[in-house]
Protein chains: 2
Amino acid sequence: MHDFVFHNPTKIIFGPGRDVEIGRELQSAGIGSVLLVYGRGSVRHSGLLDRIIKSLNEGGVGFVEHGGVISNPVLSHTRAGIDQARKSGVEAVLAVGGGSVMDEAKAIAIGAAADCDVWEFFLRRREVPAALPVFTIPTLAASGSEMNGNAVITNEESQQKYNIATIHAFPRVSILNPELTHSVAPEYSAYGAVDAISHLIEAYFTKQPGTRLQDRLVEGLILTIMENAAIIRDEPGNAPARSSMMWASTLALNGLTPAGVGPYTFPNHMIEHSLSAIYNIAHGAGLAIVMPAWMSWYRPQNPEQFQRFAREIFGLSSGEEGIAALKNWFKGLGCPVTLGEAGIAAGDIPAIRDNVFDTARIWGVDQLYPPTALAEILQLAV
Amino acid sequence: MHDFVFHNPTKIIFGPGRDVEIGRELQSAGIGSVLLVYGRGSVRHSGLLDRIIKSLNEGGVGFVEHGGVISNPVLSHTRAGIDQARKSGVEAVLAVGGGSVMDEAKAIAIGAAADCDVWEFFLRRREVPAALPVFTIPTLAASGSEMNGNAVITNEESQQKYNIATIHAFPRVSILNPELTHSVAPEYSAYGAVDAISHLIEAYFTKQPGTRLQDRLVEGLILTIMENAAIIRDEPGNAPARSSMMWASTLALNGLTPAGVGPYTFPNHMIEHSLSAIYNIAHGAGLAIVMPAWMSWYRPQNPEQFQRFAREIFGLSSGEEGIAALKNWFKGLGCPVTLGEAGIAAGDIPAIRDNVFDTARIWGVDQLYPPTALAEILQLAV
């Protein structure tokens, strides 16, 4: 075990139908008005937005709407939200949607409380000093954004998809109503499972060996995600499976599993961020392509852990078999597992490589991932 | 999965030597003075108290000492601490010690902020409205008190060992320095492992079936506790084992594993509390006696889960074998596993039964545990 700080102050309220408690929660937190952040209409068509607005009214909480968040949320729309938050003087930000909506809401909360442009924080030029309080109602089991301080935003002009992580962006309260995920389209349900698994394996494979407690927590979560993703694929309205998936995906990126494992890296996310920055593909789809390739490339650096993964997750004896089984499992969920299947030509690899390398420099892993290594990994994804 | 609220705002700072960060943490939390709560001298002899006082001085934090907490901490000493806190006007309570010290510190923090006698809360006659902020530096891996809102106090006049649980008693910051546990006596190291396992099995066995995510988290923690307890028994100064044990015992009672499992009960703690209230035996020793007896009695009510336990923890096929293996494992750690081994006569069973039944009524489980059932369980512990 290594030194760590674990501090996750988010209050989780979990259960069917509980989203309507948001007005009361805001009221008891002393919040008088919120910026209500959401996506492109599905929360309106489903009736969810009306329910939330009714709850806000009942709680005496005023609101200003900031809809239209897109997946892989962009900086220009984030800046517009910051302007709106500042002008209206709202006291908090309430996200109703998936990871993109929650991430943009966090970036708005940070930007609205800052005296500089929000992108400065993503470029790691400044430390985040504060944020408006964030509240979330997730509609997707995937990103874990409802219980962490992370946000990923794409600067669409520069094709940079960058992240920040700060204690100030942890939601005060997140209400998890698993029923909201029942109507998620099959491919996005699958991408959510892939995303949650990806959050677990980054530290699991890149940390130093010997932290078996954390290994066991990761394996328990991966097994849970896999068994429930299979049920959801066959029966999208299966309530117990949707519930388990929602809580497992939250725990997959709330700081629990990497606490104590020491230094680790996020290579799969680093590479995938370039795919969605350039091609605007879904994050989970990009991860299903990147992960098996990265795992094959990285396995020789940590063979015992890949063997452990194969044994504990698939009951297989070799690391290579475990990687093949995971790739096959992604396929079985309907995910693309090669660049070609996502319509990305092998000839683009040099451009992707250069985009990834920019992130590698910002994340301080350019020694571990020089351009040659990145090209090798991408080549394994062809 | 059932509805739940999970809210654990405690900040954990983990690592060797980090206890000296306490002054800075208090300072940055704006705390000007603390009631410094500790036990009967071991923290003084070890030099820990001097280190902490130096850190408080460096952080400009004043303090008033309240030493002399005993195991199974008593109400009279708690009341004295409340008086001291009130008279001195300290702004927070800092516990340096094991579960008893942390629990008494929490009770003092609650009592000092209340307008009634603190025992009213333990009798469940009033809801806890507030508490002074609590900070802890645990010296034992056992109770999990460093990351939860629970406190157990014994009213020595009435021989009642009762508990409270409130969001207000969650420590603001707990600094976990695993080195502090290296010198813990072998029997208390063993009792700590038993205590941590007991926290995990209460919900695991008494919840409704079908929450496999939580089952896996519990099993991962139990396996971790068992493998490290065995290492610590043979090599008390093994740093990785002490570290893993400390974090595992914290996670064993921080609300993570029962979140979503629905209703469950704490029968083993209910029964053990009477043993330590009447005979003042160590909590972990009492649990090692109670658990195998309770498990044998309860197994027919949830046979599948006992079979799962036997398989996942011991690789055995029947529930009975799993219970026998756990009892044997407790023995191997040097714990008493019968009332007789703790010097408690079988003739005392009626008196113990009556004491437990008082708690059963307060906890609202007197239908599940009528006097006849309690006598049966105690008889199995002879």
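Residues numbered from 1 in each chain as written. Chains lettered and ligands numbered in written order. Predicted model: local features only at pLDDT ≥ 70, side-chain atom pairs only at ≥ 80, totals over all residues. Heavy atoms only, no water.

Before going further, it helps to examine unusual backbone geometry. Glycine aside, negative phi is the norm for most residues, and most peptide bonds take the trans geometry. Residue and element names in this part refer to chain A. One non-glycine residue with positive phi stands out, namely Q159, at about 50°. Positionally, Q159 belongs in the loop between β7 (150-155) and β8 (160-165). The exposure class of Q159 is partly exposed, given its relative accessible area of 35%. Positive phi, normally seen in glycine, also occurs at N280, with a value near 55°. (Helix = DSSP H or I, 4+ residues; strand = E, 2+ residues; numbered from the N terminus. Buried < 20%, exposed > 50% of the residue type's maximum accessible area, 1.4 Å probe, protein only.)

Across the boundary between the two partners, chain A contributes 35 residues, which contact 35 residues of chain B. For the chain A face of the interface with chain B, the top three residues by lost area are L213, R216 and W247 of chain A, together amounting to 20%. Counting across the interface, chain A meets chain B through 6 salt bridges. Note that E227 of chain A is salt-bridged to R216 of chain B, the shortest N-O span being 2.9 Å. Contributions of two or more residues to the side of chain A that touches chain B are made by β1 (4-6), β2 (11-14), α8 (212-234) and α9 (239-251) of chain A. Examining the composition of the side of chain A that touches chain B, we find that 10 residues originate from one element, α8 of chain A, more than from any other. Here the side of chain A that touches chain B is composed, by residue class, of 19 nonpolar, 10 polar and 6 charged. Both β1 of chain A and strand β2 (residues 11-14) of chain B contribute to a ladder of 3 bridges, which runs antiparallel. Residue pairing in the sheet places V5 of chain A in a bridge with I13 of chain B of β2 of chain B. (Contact = heavy atoms within 4.5 Å. Buried area = accessible area lost by both parts, 1.4 Å probe. Salt bridge = Lys/Arg side-chain N within 4 Å of Asp/Glu carboxyl O. Nonpolar A, V, L, I, M, F, W, Y, C, P; charged D, E, K, R; others polar. Pairing = 2+ DSSP bridges.)

A few words on the packing of aromatic side chains. As enumerated under the stated definition, the model contains 38 aromatic pairs over all chains in all. With a centroid separation of 5.8 Å and 10° between ring planes, the pair formed by W119 of chain B and Y162 of chain B is classed as stacked. Placement of W119 of chain B in helix α6 (residues 119-122) and of Y162 of chain B in strand β8 (residues 160-165) is noted, with a sequence separation of 43 residues between them. Judged by relative accessible area, W119 of chain B falls into the buried class, the value being 5%. Three or more aromatic residues joined by ring pairs make a cluster, and in this case those are Y204, F205, W294, Y298, F306, F309 and F314 of chain A. (Phe/Tyr/Trp six-rings, centres within 6.5 Å; stacked < 30°, edge-to-face > 60°.)

Before going further, it helps to spend a moment on the confidence of the model for chain A. Averaged over chain A, the pLDDT score is 97; the fraction of residues at 70 or greater is 100%. Interface confidence for the predicted complex, expressed as ipTM, amounts to 0.96; the pTM equals 0.97. (pLDDT = per-residue confidence, 0-100.)

Residue and element names in this part refer to chain A. Taking 1.5 Å per residue, 13 residues should reach 18 Å; helix α10 (residues 267-279) reaches 19 Å between its end C-alpha atoms and fits that length. Of all the 13 residues making up α10, 11 are buried; the element is thus mostly covered by neighbouring parts of the structure. Those residues of α10 lying buried are P267, N268, H269, M270, I271, E272, H273, S274, L275, S276 and A277. Against β7, β8, α7 (186-206), α11 (283-298), α14 (349-363) and α15 (371-380) lie the buried residues of α10. With its phi angle positive at about 55°, N280 sits one or two positions after the end of α10. (Expected span 1.5 Å × (residues − 1).)

Okay, the pattern of salt bridges next. Residue and element names in this part refer to chain B. On inspection of all chains with the given rule, the structure shows 42 salt bridges over all chains. R308 is the salt-bridge partner of D215, the closest N and O atoms lying 3.8 Å from each other. Of this pair, D215 sits in helix α8 (residues 212-234) while R308 sits in helix α12 (residues 303-314), and the two are 93 residues apart along the sequence. Of the two residues, D215 and R308, both sit in the buried class.

As a further point, take the relation of the copies chain A and chain B. Its rotation angle being 180°, the transformation that places chain A on chain B also includes 0.0 Å of axial translation and leaves an RMSD of 0.0 Å. Accordingly, the operation relating the two chain copies is best matched by a two-fold axis. The rotation axis passes nearest to the C-alpha of P9 of chain A in chain A, at a distance of 2.0 Å. Looking at the interface residues of chain A, 100% of them are also at the interface in chain B, so both copies use one shared face. (Least-squares fit on C-alpha atoms with pLDDT ≥ 70 in both.)

All right, on to the side chain of T10 of chain B then. On the secondary structure map, T10 of chain B appears in the loop between β1 (4-6) and β2. A distance of 2.8 Å separates a polar atom in the side chain of T10 of chain B from the backbone oxygen of P171 of chain B. With residues up to four places along the chain from it excluded, the contact list for T10 of chain B reads F6 and H7 of chain A together with E146, M147, F170, P171, R172 and S174 of chain B. (Polar contact = N/O pair within 3.5 Å; in protein donor to acceptor, adjacent residues only side chain to side chain.)

Next up on the list: the sheet that holds β1 of chain A. The strand order across the open sheet built from 7 strands is β1(A)-β2(B)-β9(B)-β6(B)-β5(B)-β3(B)-β4(B), with neighbouring strands paired in mixed fashion. The sheet is open, and its two borders are formed by β1 of chain A together with β4 (62-66) of chain B, each paired with just one other strand. Geometrically, the sheet is characterised by an average inter-axis angle of 15° between neighbouring strands, direction not taken into account. With 2 bridges joining them, strand β6 (residues 134-138) of chain B and strand β9 (residues 173-176) of chain B adopt parallel strand pairing. Bridging across to β9 of chain B, F135 of chain B finds its partner in V173 of chain B. On the sheet, helix α4 (residues 75-88) of chain B packs against β3 (33-37) and β4 of chain B and is oriented at approximately 155° with respect to β4 of chain B. (Axes fitted to C-alpha atoms, helices over the stretch in contact; angles between N-to-C directions.)

Turning to the packing of helix α11 (residues 283-298) of chain B against helix α15 (residues 371-380) of chain B, a few remarks are in order. All names here are of chain B. α15 packs onto α11 with a crossing angle of 125° between their chain directions and a minimal axis gap of 8 Å. Accordingly, the angle class assigned to the pair α11 and α15 is oblique. When the axes of α11 and α15 are compared, the crossing they make is right-handed. Counted together, A293, W294, S296 and W297 of α11 and A373, E376, I377 and L380 of α15 form the full contact between these two elements. (Parallel < 35°, antiparallel > 145°, perpendicular 65-115°, else oblique. Left-handed = near helix turned anticlockwise from the far one by under 90°.)

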